[in-house]
Amino acid sequence: MDNNVRPIIEIKSLTQIFGSNPIKVLARVNDGMSKSDVLAKTGHTVGLRDINLSVNRGEIFVIMGLSGSGKSTLIRHFNRLIDPTAGKIKVEGEDILTLSPKELVAFRRHKMSMVFQHFGLLPHRSVLDNVGYGLSVQGKKPNIWKNKAKEWLEVVGLEGYEDQYPSQLSGGQQQRVGLARALCTDADILLMDEAFSALDPLIRYEMQTQLIALQGKLQKTIIFITHDLDEALRLGDRIAVLKDGEMIQVGTPEDIILNPADDYVRDFAKDVNRAKALKVKHIMDRSKNKIIDCDSVEGLNDAFKKHDALVWIKNNQLQGVVSKNRLAAYQAGRIDSPLLHQTSVKEKDYLQTVLPTALLTDHHLLPVLDSDNQVIGCLSNDAIAEVLSPSFDAA
Amino acid sequence: MTDQSWLNEFPDMSRRELLGIRKTLDGAYRDFSRAYGDQIEAFFDPLLSFLVWFENLLLNTPWWLVLGVLAGLVYFMSRSWKLSAGVTISLLAIGYFGMWDNTMRTLSIITVCTFLAIVIGIPVGIMMARSNRAQSIITPFLDIMQTMPAFVYLIPVVMLLGIGKIPGVIAVVIYAIPPVIRLTNLGIRLVPHETLEAATAFGATPTQRLFGVQLPLAMPTIMAGINQTIMMALAMVVIASMIGVKGLGQPVLKSITNQYFTLGLLNGLAIVALAIMFDRVSQSYAKRTQKHLGDVKNGQ
């Protein structure tokens, strides 16, 4: 990450201890006493221990962990629904733990909004009134917030449902209302606490797609909590893995899969559909030794001393893949073209989408293009096979 | 010797000591009521004049006007012609059997008592819901109010204020207020945590949370409490008649002492009719204002 980019949220050595006298227990927790020892000796539960993280503006930061790992506790610190036992929370450089109750209310109204696992809608307010809730508590005039709420309802695809009550909607629709409510206040930061976990898989996938599309337009900073690694990999720009209240690893999705920090993360990553999570760029061969740049077919001859097949570029333009045998046949005049095939893949493609192409290609060599259609490397079937094999050990 | 008598008989306090305690307490209370009785009575004066005014209003207005207004009020609350017609027929029957005036007296005192119970009960319930300490202090008092025989707390009230309407109202309110307090407390505590968190996360102040989320969501439970309060207030009418509260209770009391079965039955039925009216009207009003819950029931 660029060091000049100032993180929008910074959390420093945050610790949360639940019990009658957390301050008293804090010293022992800081000394590294284990969670079970703390519980046995003091009756206190260590919710979070020494969490450090920073979230950059405009990214989707996923916090992942199993139930009881403290992820929902952690996200509630961002807008101080829970106050930490120790540590610092800075949002846009401002220490939010020093806010007065009045400032805190203003902070929650304008800086952050939140989407909840079980939607947290107000059952006695209509869908429209739910979406406009954030603006209505700010004291905005009804005609202003109703208009705005209507716009956001349209964005999430629920126009026509304005006068329904939440209980009349399906789970997926209710969470769309929850999302529209969160977006309606125009807050920069969106907290999503297991927002899609209560939905069935198909709807969940649909909501993820919608969130990705929305994020492309809105460029919010999103903190997303989930227990589902597939979801984390699909949505996250970066992922933090939480276990028993401790942060185990923070990294990009491919970091988590390819370089898990410990056995816990490795176990997590094992069951993941890597073809869906990894992109071509993560496993492609960036060395140029199978790429040859020359102006004429004749120039290719020298290159085939080491390889059977090569990617041929002419004037920065991909020509295609050439094989030794085909070149010989072409030069003997038996065929019209020395090219084996002209297929290529993009570096941003997921392995899943390139897999059929890769399987159908002779010699199993695919040129990889960047967004400007320049060849930046090549993908071999061996590399795909290696990363997708069950025995693949990331370490 | 006397040493072993505690084995056979309970080692109770001597009669003289007990008498002493009683005399001291009774004396102290008598002195208190002599010293402050007038002030306390003066404090309740506005309530008394309101009660008298309201009762006279119901008694002096021509019966058909009262009937019309009541039927209209019932329709306004419940939006149901059936209920409105039912109330009209019951009231006509009550009037035909010569119980109109007493019914109006009872109606006026029940209305005032219910109003007082709500005005006092809901804030107390809110206070209990907000603090566990308040809850643990108030709950035993509610237990006492509900289980202590009404006659026992009538004694000090009568000693202080004599017999009449005000002691009657106080007795009825003490007896009838616990349900509305308890159910307000319960209703607010049952509001889903996540819903409240959502309101907080969007920057609702504690007041906005109370009036915008907690009370509306607790309303079905609170309405059940108000309903119970009305029923208990009606049940107290007969007991209140013993300390001079006029209304349907007095003929019942007379019937008990003179063994007039029919008179007792008719007046008893009139009380039942009033109770059913209050119950149905308040229930259907509650249901109508909770329309967001209607579809949940149909959907499940």
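Residues numbered from 1 in each chain as written. Chains lettered and ligands numbered in written order. Predicted model: local features only at pLDDT ≥ 70, side-chain atom pairs only at ≥ 80, totals over all residues. Heavy atoms only, no water.

A. Highlighting the overall build of chain A. A count of helical and extended segments in chain A gives 17 helices and 17 strands. Each of the three principal axes of chain A carries a C-alpha extent, and together these read 85 × 55 × 40 Å. Long-range contacts, defined as pairs at least 24 residues apart, comprise 62% of the intrachain contacts of chain A with a sequence gap of at least 6. Accessible surface computed for chain A: about 18,200 Å², of which carbon and sulfur atoms make up 47%. Between the averaged position of the 48 positive side-chain charges in chain A and that of its 50 negative side-chain charges there is a distance of 5 Å. (Helix = DSSP H or I, 4+ residues; strand = E, 2+ residues; numbered from the N terminus. Contact = heavy atoms within 4.5 Å. Areas by Shrake-Rupley, 256 points an atom, 1.4 Å probe, with all protein chains shown as cover. Lys, Arg positive; Asp, Glu negative; His and termini not counted. Charge placed at Lys NZ, Arg CZ, Asp CG, Glu CD.)

B. Molecular detail of the domain arrangement of chain A. Residue and element names in this part refer to chain A. Domain parsing of chain A yields domain 1 (57-79 + 97-278) and domain 2 (282-388). Spacing between the C-alpha centres of domain 1 and domain 2 amounts to 42 Å. Counting residues at the interface gives eight residues for domain 1 and seven residues for domain 2. For the domain 1 face of the interface with domain 2, the top three residues by lost area are R274, A275 and L278, together amounting to 60%. In this structure, the connection of domain 1 to domain 2 is made through zero salt bridges. Linking domain 1 with domain 2 are five residue pairs in polar contact (both at pLDDT 80 or more), by the criterion used here. Elements represented by at least two residues in the side of domain 1 that touches domain 2 include exactly α11 (253-258) and α13 (274-277). (Domains from an automatic or database assignment. Buried area = accessible area lost by both parts, 1.4 Å probe. Salt bridge = Lys/Arg side-chain N within 4 Å of Asp/Glu carboxyl O. Polar contact = N/O pair within 3.5 Å; in protein donor to acceptor, adjacent residues only side chain to side chain.)

C. Structural detail: the sheet that holds strand β15 (residues 345-346) of chain A. All names here are of chain A. With respect to topology, three strands assemble into an open sheet ordered β15-β16-β17, the strand pairing being mixed. With one partner strand each, in any of the chains shown, β15 and β17 (375-380) form the two edges of the open sheet. Looking at chain direction, strand β16 (residues 365-369) and β17 are connected through five bridges and run antiparallel. By the bridge assignment for β17, L366 is matched with L379. (Pairing = 2+ DSSP bridges.)

D. Spotlight on the pattern of salt bridges. Scanning the entire structure with this criterion turns up 20 salt bridges over all chains. Between D193 of chain A and R76 of chain A there is a salt bridge, with the nearest N and O atoms lying 2.8 Å from each other. Highlighted residues: D193 of chain A in strand β7 (residues 189-193) and R76 of chain A in helix α3 (residues 71-78), separated in sequence by 117 residues. Judged on exposure class, the residue D193 of chain A and its partner R76 of chain A are both buried. Of the charged contacts in the structure, one is a salt bridge between R105 of chain B and E55 of chain B, with a shortest N-O distance of 3.5 Å. Of this pair, R105 of chain B sits in helix α5 (residues 100-130) while E55 of chain B sits in helix α2 (residues 15-60), and the two are 50 residues apart along the sequence. Each of the two residues, R105 of chain B as well as E55 of chain B, counts as buried. One salt-bridge network, in which partners are shared between bridges, spans R57, E92, K111 and D188 of chain A. (Buried < 20%, exposed > 50% of the residue type's maximum accessible area, 1.4 Å probe, protein only.)

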